[in-house]
Amino acid sequence: KREVNTMEEKFNLNVQTENGELVIRRGEANDIFQYNGFRYELSSAESFVKGVKAKGDPKKSVITYSDRKVVAVTDCTVTDRTQDKIVYAFQKSEQFKEWDSIFGISLTQKEMLDLLRIHEHEIEDYEKLLIAVRNFKYVTQTEGDFTRTDDDNYVMSIKVKEAEGTLKMPRFIFVNMVILNESQFTQKVEVQLDIIKPKDEGDKLSFKLSCPIMNRYVKDAIKSETDSIKSELTNYLLLSGTQE
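What you are looking at is a predicted structure, and each value in this text was computed from that prediction instead of being measured. (Residues numbered from 1 in each chain as written. Predicted model: local features only at pLDDT ≥ 70, side-chain atom pairs only at ≥ 80, totals over all residues. Heavy atoms only, no water.)

This paragraph deals with the overall build of the protein chain. For the protein chain, the count of helices and strands is five helices and 14 strands. A burial count over the protein chain gives 36% of its 244 residues as buried. Sequence separation of at least 24 residues holds for 52% of the intrachain contacts in the protein chain that already meet a minimum separation of 6. (Helix = DSSP H or I, 4+ residues; strand = E, 2+ residues; numbered from the N terminus. Buried < 20%, exposed > 50% of the residue type's maximum accessible area, 1.4 Å probe, protein only. Contact = heavy atoms within 4.5 Å.)

Take a look at the structure:
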């Protein structure tokens, strides 16, 4: 029996050997593996449902949902380590991002025409709107103020060379838009079309698009996705709220 002291360490060895020789080597052992749980960050409601069904247990899982994200703990009975989670923070679609990027900025006639062509299949009454925008190339002088008719159209007095007339432009356009990534929920989004009058002679009219009530459409999209998750995971415990 031999006592060994090293710095502040003390340990006793009681070893039996056949030849009377004992070799002790000291070093650092690998850290003991610590499992901190998995966390899946998903990008659609459909992927979230698939993940919960694959990894979760209806009797042990708990799912919380809010207006920002949906979180599933696949086994809430675990207490000795970080619990496994599946998370879907509602993400916007590429279509939404494209429209959102042009809201509030001034568009020339060419830019407006390009925008319409890119989103042709998303815009209701596309041909009618395209013709109205194209007609701006004939406007060389704008006289008087804009008026707005009862059916929410802009009417402008114009003069092309010696001829005078009016030009009608819709006050609102409607876009069939999927707001959340990989969602099946399409909404008819009302987009406001504003005409910017020229400030100086020779300037051209320009356009500005906006959607003042977009937050309502986003809330409706989130509600639709949440409802779809509920309908797919009826055997799971779903709670309104958040979790850390």
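Turning our attention to the nonpolar core. Soluble, globular proteins show a tendency: their nonpolar side chains are buried together. Formed by 49 residues in total, the largest nonpolar core has its most connected members in Phe48, Trp99, Met112, Ile179, Leu209 and Met214. Looking at this core, the element that brings in the most residues is helix H5 (residues 214-232), giving six residues. Residues in contact with Phe48, not counting those within four places in the same chain, are Leu42, Ile63, Val70, Val71, Ala72, Ile86, Val87, Tyr88, Ile229 and Leu233. (Core = buried A, V, L, I, M, F, W, Y, C linked by side-chain atoms within 4.5 Å.)

What follows concerns the packing of helix H3 (residues 109-118) against helix H4 (residues 126-134). As a packed pair, H3 and H4 sit with axes 10 Å apart at the nearest point and diverge in direction by 165 degrees. Between H3 and H4, the interaxial angle falls into the category roughly antiparallel. Of the two possible hands of crossing, H3 and H4 adopt the one that is left-handed. In this structure, H3 contributes Gln109, Met112, Leu113, Leu116 and Arg117 to the contact, and H4 contributes Tyr126, Leu129, Leu130, Val133 and Arg134. Grouping the amino acids of the contact of H3 with H4 by side-chain chemistry returns seven nonpolar, one polar and two charged. (Axes fitted to C-alpha atoms, helices over the stretch in contact; angles between N-to-C directions. Parallel < 35°, antiparallel > 145°, perpendicular 65-115°, else oblique. Left-handed = near helix turned anticlockwise from the far one by under 90°. Nonpolar A, V, L, I, M, F, W, Y, C, P; charged D, E, K, R; others polar.)

Attention now moves to the sheet that holds strand S5 (residues 69-73). As summarised here, the arrangement of the five strands in space is S3-S6-S5-S4-S14, forming an open sheet in which the pairing is mixed. Either end of the sheet is taken by a strand with one partner, and the two such strands are strand S3 (39-42) and strand S14 (237-240). When the angles between neighbouring strand axes are averaged without regard to direction, this sheet yields 15 degrees. Note that S3 and strand S6 (residues 85-89) share four bridges and pair parallel. If you follow Glu41 over to S6, its bridge partner there is Val87. The strands touched by helix H1 (residues 45-55) are S3, strand S4 (62-65), S5 and S6; relative to S6, the strand with the most contacts, the crossing angle is about 170 degrees. (Pairing = 2+ DSSP bridges.)

Let us now look at the packing of aromatic side chains. Tallied over the full model, the rule gives three aromatic pairs. Plain terms: the ring middles of Phe38 and Tyr40 are 4.7 Å apart, the flat faces sit at 35 degrees to each other, and that makes the pair tilted. The exposure class assigned to Phe38 is partly exposed, which follows from its relative accessible area of 23%. (Phe/Tyr/Trp six-rings, centres within 6.5 Å; stacked < 30°, edge-to-face > 60°.)

Strand order in the open sheet made by the four strands is S7-S13-S12-S11, with antiparallel pairing throughout. At either margin of the open sheet sits one strand with a lone partner, and together these are strand S7 (106-107) and strand S11 (172-177). Across two bridges, S7 lies against strand S13 (residues 206-210) in antiparallel orientation. Considered in S13, the bridge of Leu107 is made with Phe207. Across the sheet, helix H2 (residues 94-102) lies against S11 and S13, angled at about 155 degrees from S11, the strand it touches most.

Before going further, it helps to spend a moment on the side chain of Ser93. By secondary structure assignment, the location of Ser93 is in the loop between S6 and H2. You can call Ser93 buried: its relative accessible area is 7%. Beyond its immediate stretch of four places on either side in the chain, Ser93 contacts Val178, Ile179, Leu180 and Asn181.

The next point concerns the environment of Thr82. Mapped onto the elements of the fold, Thr82 is located in the loop between S5 and S6. Spatially, the C-alpha atom of Thr82 lies 5.3 Å from that of Gly37, the residues being 45 residues apart in sequence. Apart from residues lying up to four places away in sequence, Thr82 is in contact with Asn36 and Gly37.

Residues Val62 and Thr64 line one face of S4 and the alternating positions Ile63 and Tyr65 line the opposite face, and both faces are buried. Sheet topology places S4 next to S5; four bridges connect them, and they run antiparallel. In the strand pairing of S5, Tyr65 is matched with Val70. Where S4 folds back on S5, the antiparallel hairpin that results is connected by three residues. Bridge count between S4 and S14: four bridges; the pairing is parallel. The residue bridging Thr64 from the neighbouring strand is Leu239, located in S14.

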